[in-house]
Amino acid sequence: MYPQSHFLFSFLIASIFVKFGFFDYKIALFVALIAVFIDLDHFLNFIFRKNDYSLKDAWNAVVVRHFIGRTFIHHWIGFILITVIIVGLFYFNRVWFWVIGLGYYTHMFLDYAKLNILKIRGIEVIKEQGFVMRISKFEILFDIFLLIGILLLVL
């Protein structure tokens, strides 16, 4: 999924936690940002493997050329390590427990869950200033529903 989907999904989930009084919208915003920043590992892996510091080249390598850019945090060993860190945060800092925990787990859920049960097909290609997005019609529709859900929760 693209960054906007990670942001919107985690913000929606965090907004539900806001409604139940676990934390405020400022924390919900940090949860959403963490969910997006987790994908910085793609860029770091690209730098390490290609010795190229161009964000545009890294983005297009993943989107257009299907460069495998995931590091350990997107695999089972990272899942276990991050879970240990999150459990530790529960005892030391509840705010960071919520921020890192919800941000990481909502991100991983979107990366691994097969949500397109209606089998919506089709890809939209968007090119802007050298960046290419090949976004599925399902993800566009998913983002619209996430926005509606956020608006219903916030308003």
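Residues numbered from 1 in each chain as written. Predicted model: local features only at pLDDT ≥ 70, side-chain atom pairs only at ≥ 80, totals over all residues. Heavy atoms only, no water.

### With respect to the overall build of the protein
Okay, step 1: Of regular secondary structure, the protein possesses seven helices and two strands.
Okay, step 2: For the protein, whose C-alpha radius of gyration is 17 Å, the value lies close to the compact-globule estimate of 15 Å for 155 residues.
Okay, step 3: Based on the C-alpha atoms only, the size of the protein along its principal axes is roughly 45 × 35 × 30 Å.
Okay, step 4: Counting over 155 residues, the protein shows a buried share of 37%.
Okay, step 5: Look at the contacts in the protein between residues 6 or more apart in sequence, and 62% of them connect residues 24 or more apart. (Helix = DSSP H or I, 4+ residues; strand = E, 2+ residues; numbered from the N terminus. Rg over C-alpha atoms; globule rule 2.2 N^0.38 Å. Buried < 20%, exposed > 50% of the residue type's maximum accessible area, 1.4 Å probe, protein only. Contact = heavy atoms within 4.5 Å.)

### Considering helix α7 (residues 137-154)
Okay, step 1: The terminal C-alpha atoms of α7 lie 26 Å apart, and with 18 residues this matches the ideal 26 Å at 1.5 Å per residue to within 8%.
Okay, step 2: Those residues of α7 that fall on the buried side of the exposure criterion are Phe138, Glu139, Phe142, Asp143, Leu146, Gly149 and Ile150. Mapping the buried residues of α7 onto a view down its axis gives an arc of 130°, with all of them on the same face. Facing away from the buried side of α7 by over 90 degrees, the exposed positions are Phe145, Leu151 and Leu152.
Okay, step 3: Among the structural elements, α1 (3-19), α6 (94-112) and β2 (131-136) are those in contact with the buried residues of α7. (Expected span 1.5 Å × (residues − 1). Arc of directions from axis to C-beta.)

### A few points about α1
Okay, step 1: Here α1 contains 17 residues, and its C-alpha end-to-end distance of 24 Å stays within 8% of the 24 Å for a straight helix at 1.5 Å per residue.
Okay, step 2: The elements touched by buried residues of α1 are α2 (25-37), α6 and α7.
Okay, step 3: Gly21 occupies a position one or two residues after α1 and carries a positive phi of about 85°.

### Description of the side chain of Asp41
Okay, step 1: Mapped onto the elements of the fold, Asp41 is located in helix α3 (residues 40-50).
Okay, step 2: A relative accessible area of 5% places Asp41 in the buried class.
Okay, step 3: Side-chain polar atoms of Asp41 contact the side chain of Thr71, separated by 2.8 Å.
Okay, step 4: With near-sequence residues (within four places) excluded, Asp41 lies in contact with Gly69, Arg70, Thr71, Ile73 and His74. (Polar contact = N/O pair within 3.5 Å; in protein donor to acceptor, adjacent residues only side chain to side chain.)

### Side note on the pairing of β2
Okay, step 1: Relative to β2, strand β1 (residues 123-128) runs antiparallel, the two sharing six bridges. Looking at β2, one finds that Val125 is bridged to Arg134. (Pairing = 2+ DSSP bridges.)

### Thoughts on the nonpolar core
Okay, step 1: Among the nonpolar cores identified, the biggest contains 27 residues, and Phe23, Ala28, Val31, Tyr104, Phe142 and Leu146 are the most heavily contacted of them.
Okay, step 2: If you tally residues by element for this core, the top one is α6, at seven residues.
Okay, step 3: Setting aside residues up to four positions removed in sequence, Ala28 forms contacts with Phe11, Ala14, Ser15, Val18 and Phe23. (Core = buried A, V, L, I, M, F, W, Y, C linked by side-chain atoms within 4.5 Å.)

### Comments concerning a nonpolar patch on the surface
Okay, step 1: A cluster of nonpolar residues, Phe72, Trp76, Ile77, Ile80, Leu81, Val84 and Ile85, forms a patch on the protein surface that exposes about 720 Å² of accessible area.
Okay, step 2: Looking at the secondary structure, you find Ile85 in helix α5 (residues 76-92).
Okay, step 3: Overall, the relative accessible area of 42% leaves Ile85 in the partly exposed class. (Patch = residues over 30% accessible without salt bridge, like charges linked within 9 Å, V, L, I, M, F, W, Y side chains within 5 Å. Areas by Shrake-Rupley, 256 points an atom, 1.4 Å probe, with all protein chains shown as cover. Salt bridge = Lys/Arg side-chain N within 4 Å of Asp/Glu carboxyl O.)

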